[in-house]
Amino acid sequence: MNGICGRILEVDLTRRKHRVRPLEDAVARAYLGGRGLAGRLLWEGSPPPGTPALAPDAPLVFATGPLTGFPVPGASRTAIAAKSPATGPRSGGAAAGGLALGLMPGHFAVELKYAGYDALVIRGKAAEPVSLVIRDEEVEFRPSRHLWGREVSEAEKALRSELPKEPFQTVLIGPAGERLHPLASAVHNYPCASHAGRGGLGAVLGSKNLKAVAVRGTLHPFEPADHKAFEELGRRASKALEGWNHFETWRRWGTAALAEGGSDAGLLATRNFREGTFPAVARVGSVRAEAAFWIRSEACFYCPLHCRKVALVRNRKGDGVAVAGPELETSAMLGANCGAEDLAGVLLVKRRCDELGLDPASLGNLLGFLMEAGEKRLALPSELGNTGLAWGKTEAMLAATDGMVKGEGRLGQLGQGVRAAAKLLGGGSDAWAMEVKGLEMDTYNPPALPAMVIAFGTSPLGGAHETGHSREVQDQRAVSDSLGLCRYHTYAIGPELQAALLQAVTGEKRTVQDLVAAGERIWNLERGFLAREGFGPEDDRLPRRSKADALTVGPRAGAVLTAAAEAEALAGYYGARGWDPKRAAPLPATLQRLGLADVADALKAG
């Protein structure tokens, strides 16, 4: 097929060996690439159910899409998948983790594909810290003991000084990943840092003694099947994006503009999800950031939006440090959810996330939970490391973040995620530990936005809002994630244009219906992965706060989500999906229809 390299690079860190195996056309047709391909390779390569997520044999997958590397706006995302060390079924069971999935913006996927690979699969554990350096056919296991312990910016600078003077693209972990922290992320393109953050992907790299992956590709081994059609469709895609009614807003302010809009609508997670309106949102949002902090915009591969912002936080001497953001999750989770009104302080906490390799969304949720625990005297000041952690105290947030990553005393124990913290503290705190499947919820408050019942409840990751709030949107996003497209571009570049671009690239007729079927297949494969690991319907339920505490301020004051409404929404969803409501898992007939007979067999055996 045109548009794919037809090659998967498999790396064994234990034996320091690698091999290239073919990517079958049938797999590329069924799963497209990107997220779908990563999920399929993870399913096929995972050790038996119940194996710990950080076991050496557990695979880590990087995957590109069929549109990656072509001049299509937004075709830049890298899908990174692994078993999650941060999530698990509430019942315990035999499972050791759910699904960790990162859709990382930037340039990494393009370079991996230009090196001649559709996917990179990493297994094993190096005896000593290494960095994996890939340049086309050359694969090097570069000793990296001297990089271990360094924060991301310092480690990346040192690594680049050792590499040839070429535009290598890198993914690194910081001290959080090295210490196997469940909130650890992988970081790309510092200082305009992109995180593959949800679900502990940084800890997976750390468990393999893998400090970094650096890729450089010069082969460019693919062309569109129909050049003329592709050029016309590429122009159409660019015009559609530029004609999108939010194009200028997005280009100017990026996702940070959604913080003010979310709060004004009463939807924004505020003070550990107590409210949906943050009165001081203007102090941590996009307008304030533009006026006082932003110094430049950056773009992902072939993207005219330039929506990624770099801020400069100055000190009293007039010097400053560059920080990526704020974007929506920074303003929401490190700002509103922690009651923080000081944007400079919020940005400095975000910078610690970038340097330590830590998921900012999960961190903001956990900090908000610990602030409430301190307020209710469930956590004593000494248990919080005597940091003074309290609503709005950004200096205390910085100190607590470092303490949690260092694993210091009781704070180190409480810093292992909100589910673990609630279990340690007791006192009914699980009712306001805002997590689903063990993953901290982000950004939006369900009582004000009941669609979050589906978004948070049924996401294969857990409490992540971006996978979609309805069956149709979920399938569409599975498709765009698998093509390699940025989700933001899909508001303008819809399914019809996506199908036409795919056909022009591959030379094979692809309809919107084909893509819908692929999205449904990918979503059910991911759900099959969770079912195999012991997740059930109880793991789709939101925390009790979402169904007990009405909002008290803002345009959604009085809003509350009832348990009956949640149950009704999930039951309707399971029925529409063709899932067994007793297991919250796809029925055998559904899996057979989607060509997932092996998944059906695995779930039957389980």
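Below is a short write-up of the structure. (Residues numbered from 1 in each chain as written. Predicted model: local features only at pLDDT ≥ 70, side-chain atom pairs only at ≥ 80, totals over all residues. Heavy atoms only, no water.)

1. Considerations on the overall build of the protein chain
Thinking step 1. Of regular secondary structure, the protein chain possesses 25 helices and 19 strands.
Thinking step 2. Radius of gyration (C-alpha) of the protein chain: 22 Å, near the 25 Å computed for a compact globule of 606 residues.
Thinking step 3. Each of the three principal axes of the protein chain carries a C-alpha extent, and together these read 60 × 60 × 50 Å.
Thinking step 4. Within the protein chain, buried positions represent 63% of all 606 residues.
Thinking step 5. Sequence separation of at least 24 residues holds for 70% of the intrachain contacts in the protein chain that already meet a minimum separation of 6.
Thinking step 6. When the accessible area of the protein chain is evaluated, it comes to approximately 21,100 Å², of which 52% is carbon and sulfur surface.
Thinking step 7. Counting 72 positive and 67 negative side-chain charges, the protein chain places the centres of these two groups 2 Å from one another. (Helix = DSSP H or I, 4+ residues; strand = E, 2+ residues; numbered from the N terminus. Rg over C-alpha atoms; globule rule 2.2 N^0.38 Å. Buried < 20%, exposed > 50% of the residue type's maximum accessible area, 1.4 Å probe, protein only. Contact = heavy atoms within 4.5 Å. Areas by Shrake-Rupley, 256 points an atom, 1.4 Å probe, with all protein chains shown as cover. Lys, Arg positive; Asp, Glu negative; His and termini not counted. Charge placed at Lys NZ, Arg CZ, Asp CG, Glu CD.)

2. Digging into the environment of Thr 87
Thinking step 1. Examined against the element boundaries, Thr 87 turns out to sit in the loop between strand E4 (78-83) and strand E5 (99-104).
Thinking step 2. The spacing of Thr 87 and Gly 98 is 11 residues in sequence and 5.4 Å in space, taken between C-alpha atoms.
Thinking step 3. In terms of polar contacts, Thr 87 uses its side chain to reach the backbone amide nitrogen of Gly 98, at 3.0 Å. (Polar contact = N/O pair within 3.5 Å; in protein donor to acceptor, adjacent residues only side chain to side chain.)

3. Quick notes on the state of the cysteines
Thinking step 1. Using the criterion set out here, one finds 0 disulfides in the structure.
Thinking step 2. Cys 307 forms no disulfide, and the closest cysteine sulfur to it belongs to Cys 303, at a distance of 6.0 Å.
Thinking step 3. Taking the relative accessible area as the measure of exposure, Cys 307 reaches 19% and is therefore buried.
Thinking step 4. This cysteine, Cys 353, is not joined by any disulfide, and Cys 338 carries the nearest cysteine sulfur, 10 Å off.
Thinking step 5. For Cys 353, a relative accessible area of 0% corresponds to the buried category. (Disulfide = S-S within 2.5 Å.)

4. Topic: the packing of aromatic side chains
Thinking step 1. In this structure the tally under the stated criterion is 10 aromatic pairs.
Thinking step 2. Arranged with centres 5.7 Å apart and planes meeting at 50°, the rings of Trp 244 and Trp 250 form a pair that is tilted.
Thinking step 3. Put simply, the rings of Trp 244, Trp 250, Tyr 488 and Tyr 491 pair up and form one aromatic cluster.
Thinking step 4. A cation sits over an aromatic face here: Lys 309 above Trp 294, 5.8 Å from the ring centre.
Thinking step 5. Across the ring face of Trp 43, the terminal group of Arg 532 is positioned such that the distance to the ring centre comes to 3.8 Å. (Phe/Tyr/Trp six-rings, centres within 6.5 Å; stacked < 30°, edge-to-face > 60°. Lys NZ or Arg CZ within 6 Å of the ring centre and 35° of its normal.)

5. Re unusual backbone geometry
As a rule of thumb, non-glycine residues mostly have phi less than zero, and peptide bonds are mostly trans rather than cis.
Thinking step 1. Following Tyr 190, the chain continues into Pro 191 via a peptide bond in cis, with omega recorded as 10°.
Thinking step 2. For the peptide bond that leads from Gly 325 to Pro 326, omega is 0°, which places it in the cis range.
Thinking step 3. The residue Pro 326 is located in the loop between strand E15 (320-324) and helix H12 (328-335) in this model.
Thinking step 4. In this structure, Leu 32 is a non-glycine residue whose phi angle is positive, near 70°.
Thinking step 5. Structurally, Leu 32 can be placed in the loop between helix H1 (25-31) and helix H2 (34-45).
Thinking step 6. Relative accessible area serves as the criterion here: at 5%, Leu 32 is assigned to the buried category.
Thinking step 7. Located in the positive-phi region is Tyr 302, a residue other than glycine, with phi close to 50°.
Thinking step 8. Position of Tyr 302 among the secondary structure elements: in the loop between strand E13 (294-298) and strand E14 (308-314).
Thinking step 9. For Tyr 302, a relative accessible area of 43% puts it in the partly exposed group.

6. What to know about the sheet that holds E14
Note: strands within a sheet are paired through backbone hydrogen bonds, in either parallel or antiparallel orientation.
Thinking step 1. Spatial ordering of the open sheet is given by E13-E14-E15, a layout of 3 strands whose pairing is antiparallel. Two strands bound the open sheet, and with one partner strand each, they are E13 and E15. Within the sheet, the average angular offset between the axes of one strand and its neighbour, ignoring direction, is 25°.
Thinking step 2. Direction of pairing for E14 relative to E15: antiparallel, over a ladder of 5 bridges. Its bridge partner lying in E15, Ala 311 is registered against Val 323. (Pairing = 2+ DSSP bridges. Axes fitted to C-alpha atoms, helices over the stretch in contact; angles between N-to-C directions.)

7. Overview of the pairing of strand E2 (residues 17-22)
Thinking step 1. In this structure, strand E1 (residues 7-12) lies alongside E2, joined through 6 bridges in antiparallel fashion. Across the sheet, residue Arg 7 finds its bridge partner in E2, namely Pro 22.

8. As for the nonpolar core
Thinking step 1. One finds Leu 363, Leu 367, Phe 369, Leu 370, Leu 389 and Met 397 to be the most contacted residues of the largest nonpolar core, which totals 82 residues.
Thinking step 2. Among the elements that line this core, the one with the most residues is helix H14 (residues 360-375), at 8 residues.
Thinking step 3. Beyond its immediate stretch of four places on either side in the chain, Met 397 contacts Leu 334, Cys 338, Ala 340, Val 349, Leu 367, Met 371 and Leu 389. (Core = buried A, V, L, I, M, F, W, Y, C linked by side-chain atoms within 4.5 Å.)

9. Some points on the environment of Thr 14
Thinking step 1. Structurally, Thr 14 is set in the loop between E1 and E2.
Thinking step 2. Of the residues examined, Thr 14 reaches a relative accessible area of 47% and is grouped as partly exposed.
Thinking step 3. It is 9.5 Å that separates the C-alpha atoms of Thr 14 and Asp 57, two residues lying 43 residues apart in sequence.
Thinking step 4. If we skip the residues at most four places from it in the chain, Thr 14 touches Arg 123, Gly 124 and Lys 125.
Thinking step 5. A polar contact of 2.8 Å, which involves the side chain of Thr 14, links it to the backbone nitrogen of Lys 125.

10. Digging into the side chain of Ser 46
Thinking step 1. Tracing the sequence through the fold places Ser 46 in the loop between H2 and strand E3 (60-63).
Thinking step 2. A polar side-chain atom of Ser 46 sits 2.6 Å from the main-chain carbonyl oxygen of Leu 42.
Thinking step 3. Those residues in contact with Ser 46 that sit more than four places away from it in its chain are Pro 59, Phe 529 and Arg 532.

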